[in-house]
Every structure is written in C-alpha cells, then in structure tokens.
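Each chain, written out:
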Amino acid sequence: MAASIPLKPTEPNVPAAYSHVDAHVGRQIRVWRILARKSRTELAAAVGVSRQQIQNYETGRNCVRASTLYAIAGALNVTVGQLFDGLAPTKDLGSLLANEEVTDPPSEVRFLLGHLMRLSPRLRGRVAALIHALARDEERSGGAGGFLPLRNRTCQ
C-alpha cells in the first residue's frame with residue numbers, strides 16, 4: 001500500500017519545497033486577482049470559499065485543492081498553468097530548497113502583464129516580438145543596457 005502524502009504544507013513530513021510551491025501559487029493567485037481588479041471577497045464568491053480562505057491561499061498558509069485551483073483560474077480568466085509560471089520545473093524541485101527566495105514578479109512585469117492582456121492577440125504577438133528583439137540586443141551588447149550600433153547588427 002502506497003504511503004499517503006499529507007495535504008497541508010504545515011505537517012512535519014511535507015518536503016519544504018512543496019510549501020514553496022504553495023507559496024508561489026498563492027502569490028500568483030494574488031497577482032492575477034489584482035490584475036483582474038477583483039477583491040478577495042469577489043474571488044471567494046466566484047469560487048465558493050471564504051474571503052479568509054483566499055487570503056490563506058495567497059499567503060501560502062493553505063494549499064489549494066486541484067478543483068479549487070481550477071475554479072480560481074477560471075474566475076481570474078487565466079489557465080491553471082499560468083498560476084505556476086516562474087516556478088522551477090519539477091525535475092529541479094530540489095533547487096527550490098537551495099534557493100529559498102521565491103519572489104513576486106517585479107512591479108514592471110505586473111504592470112506590463114496587466115496592459116498586455118488588454119491587447120488583441122495580434123498586437124500581443126507584435127509586442128512579444130519587440131521584447132524578444134530588445135532582449136537579443138541586450139544579450140549581444142553584453143548587458144550594457146544599450147543597443148548595438150546599426151552597422152554591427154545582423155538580421156535573422
């Protein structure tokens with residue numbers, strides 16, 4: 001008979017990395033809730049839990065059941081996968097133990113995401129291409145923050 005895995009990250013035999021995952025997902029719920037301009041009360045009503053439970057999810061005090069996570073993603077108009085964005089792949093879960101600092105996305109990223117989601121898919125693609133080009137220039141210039149002179153640029 002397989003050993004059961006405890007559901008609460010506060011139980012002593014839950015690996016610390018899992019509580020980091022719960023905390024990360026909770027922060028993502030908070031970021032997307034704010035971007036959706038919903039209060040905890042509004043999200044709680046849409047999902048069928050209390051406002052305090054949403055707060056516990058957002059702070060990582062409680063882990064979210066899969067069915068509730070699915071409902072939260074639907075209420076926020078995001079995919080379940082987006083709530084895990086920025087988390088190390090599962091094969092590198094051990095690295096989460098070594099790097100205990102899992103932070104919220106910078107305010108600039110939240111700002112960009114909020115405005116980006118208001119654009120049409122076609123325009124979002126153009127913005128993504130622009131960001132890709134800027135990042136490529138940044139890498140080529142050695143991270144100096146500047147652009148390469150036009151004569152040194154290559155088209156790909």
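Within each chain, residue numbers correspond to sequence positions counted from 1 in written order. Local features in a predicted model are, by the rule used here, given only for residues with pLDDT of at least 70; side-chain atom pairs are given and counted only at 80 or more, and totals for whole chains, interfaces and linings are based on all residues. Think of the side-chain values as coming from all heavy atoms in the structure, minus any hydrogens and water.

Draft legend 1. Looking closely at the packing of helix H2 (residues 40-47) against helix H4 (residues 66-76). Only C-alpha atoms enter the line fits that serve as axes; for helices the fit covers just the stretch in contact. Angles between N-to-C directions range over 0 to 180 degrees. Helical segments are the DSSP runs of H or I of at least four residues, strand segments are the runs of E of at least two, and each set is numbered from the N terminus. Packing of H2 against H4 brings their axes to within 9 Å, and their N-to-C directions diverge by 120 degrees. Taken together, H2 and H4 sit at an angle that is classed as oblique. Pair H2 / H4 crosses with right-handed handedness. Every residue of H4 that contacts H2 at Leu-43, Ala-46 and Val-47 is listed here: Thr-68, Ala-71, Ile-72, Ala-75 and Leu-76. When describing relative orientation, an angle under 35 degrees is termed roughly parallel and one over 145 degrees roughly antiparallel, while 65 to 115 degrees is termed roughly perpendicular and anything else oblique. In this scheme the handedness of a crossing depends on how the near helix is turned from the far one: anticlockwise by less than a right angle means left-handed, clockwise means right-handed. Contacts were defined at the residue level, with two residues in contact if any of their heavy atoms lie within 4.5 Å.

Draft legend 2. Representation of the nonpolar core. By size, the foremost hydrophobic cluster in this structure holds 18 residues, and its most contacted members are Ile-29, Leu-43, Ile-72, Leu-76 and Leu-83. At the level of elements, helix H1 (16-35), H2, helix H3 (51-59) and H4 are the ones that each hand at least two residues to this core. Looking at this core element by element, the count peaks at five residues for H4. Setting aside its immediate chain neighbours within four residues, Ile-72 contacts Ile-29, Leu-43, Val-47, Ile-54, Tyr-57 and Val-64. By nonpolar core we mean a set of buried residues, namely Ala, Val, Leu, Ile, Met, Phe, Trp, Tyr and Cys, connected to one another through side-chain atoms within 4.5 Å. The buried label applies to any residue whose accessible area, calculated with a 1.4 Å probe on protein chains only, is under 20% of its type's maximum; exposed applies above 50%, and partly exposed to all values in between.

Draft legend 3. Representation of the pattern of salt bridges within the structure. Definition used for salt bridges: Asp or Glu carboxyl oxygen within 4 Å of a side-chain nitrogen of Lys or Arg. Under the counting rule described, the total for this entry stands at two salt bridges. We note a salt bridge from Glu-58 to Arg-33, for which the minimum N-O separation is 2.5 Å. A residue pair is termed long-range when its members are at least 10 positions apart, and Glu-58 in helix H3 and Arg-33 in helix H1 qualify at 25 residues. Judged by relative accessible area, which is 5%, Glu-58 ranks as buried.

Draft legend 4. Expanded view of the environment of Asn-62. Here Asn-62 lies in the loop between H3 and H4. On the basis of relative accessible area, Asn-62 is assigned to the buried category, the value being 17%. Considered as a pair, Asn-62 and Gly-26 are 36 residues apart in the sequence and their alpha carbons are 8.8 Å apart. Every residue in contact with Asn-62, bar those within four places of it in the chain, is listed here: Gln-53, Asn-56 and Tyr-57.

Draft legend 5. Quick peek at a nonpolar patch on the surface. Judged by side-chain polarity, Tyr-70, Val-80 and Phe-84 come together as a nonpolar surface patch covering roughly 300 Å² of accessible area. Structurally, Phe-84 is set in the loop between H4 and helix H5 (93-98). What makes a patch is a set of residues exposed beyond 30% relative accessible area and free of salt bridges, joined within 9 Å when like-charged and within 5 Å when nonpolar (Val, Leu, Ile, Met, Phe, Trp, Tyr). Using a 1.4 Å probe, the Shrake-Rupley method yields the accessible areas, and only the shown protein chains count as cover for residues.

From the geometry alone we can't say anything about function, so treat these as descriptive.
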